[in-house]
Amino acid sequence: MKIKIRAVGQAPSHYSFSGEKVIAYEDRYEEAYELSSFPEGGTFEGADSLPSGIRAIGWVERTNGELYVTLVQKVIAGQYPGRKAHWRESPFIDAADYDPDTCYVIPTGMAGVDDYEIVQGVDVAGSTGWTVRKKESADG
């Protein structure tokens, strides 16, 4: 299975994979999406939402027998002074290579800036998610 990830304001905390099954986690709740019967050329009409209403899967396609799935990852407003970070979706990766501690979505709007980092952050409303901020200096 190949996955790509797009940035959204609400998303599961992480995913795991078993064969062609995607498991989305939200707090202590998990929802399994069995996709092994998804047909070649099929049309994706949506997956059940998690209890909070979050849609963990945005798109599914099977091409030449390979399953391609678009998942979501939570981001918050950029925290780099004077810059607005927007996000674009990741390229496809093998589901086996997925790491829940990695930000897969890609910040845009940071051209010419080389002192930023992508981290888990907290916004002014107390919501957590991936964000862009100025790198902390080595001397504190």
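Residue positions are given per chain, counting from 1 as you read along its sequence in written order. Local features in this predicted model are restricted to residues of pLDDT 70 or higher, and side-chain atom pairs are both shown and tallied only at a pLDDT of 80 or more, whereas totals for entire chains, interfaces and linings draw on every residue. To obtain the side-chain values, all non-hydrogen atoms of the structure were included, while hydrogens and water were left out.

1. Examining the sheet that holds strand β4 (residues 29-34)
Piece 1. Here, strands pair whenever DSSP counts at least two bridges between them. Strands here mean DSSP runs of E at least two residues long; helices mean DSSP runs of H or I at least four residues long; both are numbered from the N terminus. The antiparallel open sheet is built from three strands, whose spatial order is β2-β3-β4. Single-partner strands in this sheet number two, and they are β2 (14-18) and β4. Ignoring which end each strand starts from, the neighbouring axes of this sheet average 20° apart.
Piece 2. Bridge analysis of strand β3 (residues 21-26) against β4 gives six bridges, and the strand direction is antiparallel. Each bridged residue has a counterpart across the sheet, and for Glu26 the counterpart in β4 is Tyr29. Comment: axis = line fitted to C-alpha atoms, over the contacting stretch for helices; angle = value between 0 and 180 degrees taken between N-to-C directions.

2. Considering the pairing of strand β11 (residues 128-134)
Piece 1. Strand direction decides the pairing type here: strand β10 (residues 116-122) and β11, joined by seven bridges, are antiparallel. Bridge pairing links Glu117 to Arg133 in β11.
Piece 2. Where β10 hands over to β11, the hairpin turn is made up of five residues, of which Gly126 adopts a positive phi near 85°.

3. Concerning the environment of His14
Piece 1. Assignment of secondary structure puts His14 in strand β2.
Piece 2. For the pair formed by His14 and Glu66, sequence separation is 52 residues and the distance between their alpha carbons is 22 Å.
Piece 3. Contacts: residue pairs with any heavy atoms within 4.5 Å of one another. Dropping the residues within four chain positions of it, His14 is found in contact with Ile23, Ala24, Tyr25, Tyr98 and Pro100.
Piece 4. A distance of 3.0 Å separates the side chain of His14 from the side chain of Ser13, its partner in a polar contact. Two N or O atoms form a polar contact when they lie within 3.5 Å of each other; inside protein one atom must be a possible hydrogen donor and the other a possible acceptor, and for residues adjacent in sequence the pair counts only when both atoms belong to side chains.

4. Thoughts on the pattern of salt bridges
Piece 1. Note on definitions: salt bridges are taken to be side-chain nitrogens of Lys or Arg within 4 Å of carboxyl oxygens of Asp or Glu. Taken as a whole and judged by the stated rule, the model has six salt bridges.
Piece 2. When the shortest N-O distance is used, the salt bridge between Lys2 and Asp94 registers 2.4 Å. Of this pair, Lys2 sits in strand β1 (residues 2-8) while Asp94 sits in strand β8 (residues 93-94), and the two are 92 residues apart along the sequence.
Piece 3. For Glu117, the salt bridge identified is with Arg133, shortest N-O distance 2.7 Å. Residue Glu117 is found in strand β10, and its partner Arg133 is found in strand β11; the two are separated by 16 residues along the sequence.
Piece 4. Partly exposed describes any residue whose relative accessible area lies between the buried limit of under 20% and the exposed limit of over 50%, with all areas from a 1.4 Å probe on protein chains only and scaled to the type maximum. For Glu117, a relative accessible area of 21% translates into the label partly exposed.
Piece 5. Relative accessible area serves as the criterion here: at 26%, Arg133 is assigned to the partly exposed category.
Piece 6. A cluster of three or more residues bridged by salt bridges with shared partners is formed by Glu117, Arg133 and Glu136.

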